[in-house]
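# Inside the fold
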Amino acid sequence: MKDRDSIMETGLLKMELKGIPRRTFIKYCAATAVALGLDYYFGGLFAEAATTALNKKPVIWIQGQGCTGCSCSLLSSLNPGPGEVLLDLVSMRFNSTVMNAAGHLSIKALEDTVKEGGYLLVVEGSIPTRDPRYCVVEGLPFDEIVLKASKNADAVIAAGSCAAYGGIPRAGFTGAKGVSEIVSGKPVVNIPGCPLKPDWLAGTLLYYLSFNELPPLDSDNRPLAYFGSHFVHDTCPRASYFERGQFLEDWNNPATVDWCLLKMGCKGPVTYADCNRIWWNDGVSTCIRAGSPCAGCTQPQFYKDLAPLYVSPLPPGREDEAMPVAQRARGIHAGSVALGAGIAAAPFVINKVADLLKKKKEGVSHDGE
Ligand code: SF4
Ligand code: SF4
């Protein structure tokens, strides 16, 4: 039997053949460790765990009510390609989006893996509960597939907002639910996002392969390091405009193109995610930097209770309250206080902000620690 070093060497060589230099991969692992709140030294451990996991950790990936955007986000990412990390380093036994087999052949692969046990289950898309005919996969209602596939799983990853909390389908008529509302008795990690950021999934997977457990989670079962400690607003490049009360109101006015997007519907002050700290697509950009308000896509309340997307959450005629309230509240959490004070149309935001302020006062973080 090959020793660990030679297995790792084989893994790194395989990556190089795919065009991912080993140095790039090891650097990626180190950056992932740091993003998860660990020392960069753990990058070596991540690289070792990933490369020695070759053909070891079986993965079942199933997809229900969704647009395949999360798979696309993962597979179209740039070097070193978290998609390669996922698809090459683990043993993908069943993936309804990319596998060649179909029908009873693919169901057999699924059943054999379930029988073996010890695999990771990734669910993409939400689960309709009103009528099983709303989503049928390989001839079976999707809720049945989820229960069947989770039976012997070590852990379940709900990939994307639909699988995590119901996402956009939850706003419709199918009774769409997230994984943890269906599956019980298994550790479930939610990696929301519409779509999810590949780094969030790759980092969670690398952590799991390295420590054989899920990373620390927040109260909404999201990895704490990516979602638990900061609002999108906290590190927004437009925050100084928010503080000065300079809000973009006309998309076509080049003079205000960099101003705060609050009046255009930005939910950054009530959305937990690291998007403005670690940009998307290998650090190329992120929603707000690209000119789009944050839609709050990583929140359990997305989409239904954060809609409409491009409309100010502040009632007409009261927009300017944001600025003075922000000034008064400096030192607590200016963005959240301002949004909460002015808002009338979205009770969730008021409640969330009130809750946040109460916890702040009591010295408790939002995840209860
Ligand atoms: S409201 Fe949105 S655009 Fe404005 S500073 Fe906050 S996160 Fe940035
Ligand atoms: S900035 Fe907001 S809408 Fe964009 S990906 Fe991050 S959480 Fe989602």
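Scroll up to find the structure this text is about.
Quick summary incoming for the structure in this document. The model shown is predicted, which means the values in this text are computed figures rather than measured ones.

### What about the overall build of the protein?
For the protein, the helix and strand inventory stands at 15 helices and 7 strands. Sorting the 369 residues of the protein into buried and exposed places 52% on the buried side. Looking at the protein alone, contacts between residues at least 24 apart form 72% of all its contacts between residues at least 6 apart. A total of about 16400 Å² of accessible surface is found on the protein, and carbon and sulfur atoms cover 55% of it.

### Re the site of ligand 1
Close to ligand 1 lie His233, Cys236, Arg238, Ala239, Phe242, Cys260, Leu261, Leu262, Cys266, Gly268, Pro269 and Ile288. Using a 2 Å cut-off from the grid points, one finds that ligand 1 occupies the largest cavity.

### Digging into the site of ligand 2
Near ligand 2 you find Thr271, Ala273, Cys275, Trp280, Cys287, Cys294, Ala295, Gly296, Cys297 and Thr298, and these make up its full shell. When grouped by side-chain class, the residues that make up the shell around ligand 2 number 7 nonpolar, 3 polar and no charged.

### A closer look at the packing of helix 2 (residues 22-35) against helix 9 (residues 198-211)
Running from amino to carboxyl end, helix 2 crosses helix 9 at an angle of 90 degrees, the nearest separation of the two axes being 10 Å. Classified by the angle between their axes, helix 2 and helix 9 sit roughly perpendicular to one another. On helix 9, the residues that touch Tyr28, Cys29 and Thr32 of helix 2 are Asp199, Ala202, Gly203 and Leu206. Across the contact of helix 2 with helix 9, the residue classes break down as 4 nonpolar, 2 polar and 1 charged.

### A short note on the environment of alanine 35
Note that alanine 35 resides in helix 2. When its relative accessible area of 16% is taken as the criterion, alanine 35 is described as buried. For alanine 35 and tyrosine 226, which are 191 residues apart along the polypeptide, the C-alpha to C-alpha distance reads 7.3 Å. When sequence neighbours within four positions are dropped, the list of residues in contact with alanine 35 reads Ala225, Tyr226 and Ile278.

### Structural notes on the environment of isoleucine 26
Here isoleucine 26 lies in helix 2. What makes isoleucine 26 partly exposed here is its relative accessible area of 35%. Residues isoleucine 26 and leucine 45, 19 residues apart in the sequence, show an inter-C-alpha distance of 9.6 Å.

### Notes on the pairing of strand 3 (residues 119-124)
Counting buried positions along strand 3 gives 6 out of 6 residues, so the element sits mostly inside the fold. By the bridge criterion, 5 bridges tie strand 1 (residues 58-63) to strand 3 in an arrangement that is parallel. Opposite isoleucine 62, over in strand 3, you have valine 123 as the bridge partner. Where strand 3 lies against strand 6 (residues 153-159), 6 bridges are found, and the strand directions are parallel. Of the residues in strand 6, the one forming a bridge with leucine 120 is alanine 155.

Each value, and the rule that gives it
Residues numbered from 1 in each chain as written. Chains lettered and ligands numbered in written order. Predicted model: local features only at pLDDT ≥ 70, side-chain atom pairs only at ≥ 80, totals over all residues. Heavy atoms only, no water. Helix = DSSP H or I, 4+ residues; strand = E, 2+ residues; numbered from the N terminus. Buried < 20%, exposed > 50% of the residue type's maximum accessible area, 1.4 Å probe, protein only. Contact = heavy atoms within 4.5 Å. Areas by Shrake-Rupley, 256 points an atom, 1.4 Å probe, with all protein chains shown as cover. Near = heavy atom within 4 Å. 1 Å grid on protein atoms, 1.4 Å probe; cavity = no way out; pocket = protein on both sides within 12 Å on 5 of 7 lines; lining within 4 Å. Sits in = over half its atoms within 2 Å of the grid points. Nonpolar A, V, L, I, M, F, W, Y, C, P; charged D, E, K, R; others polar. Axes fitted to C-alpha atoms, helices over the stretch in contact; angles between N-to-C directions. Parallel < 35°, antiparallel > 145°, perpendicular 65-115°, else oblique. Pairing = 2+ DSSP bridges.

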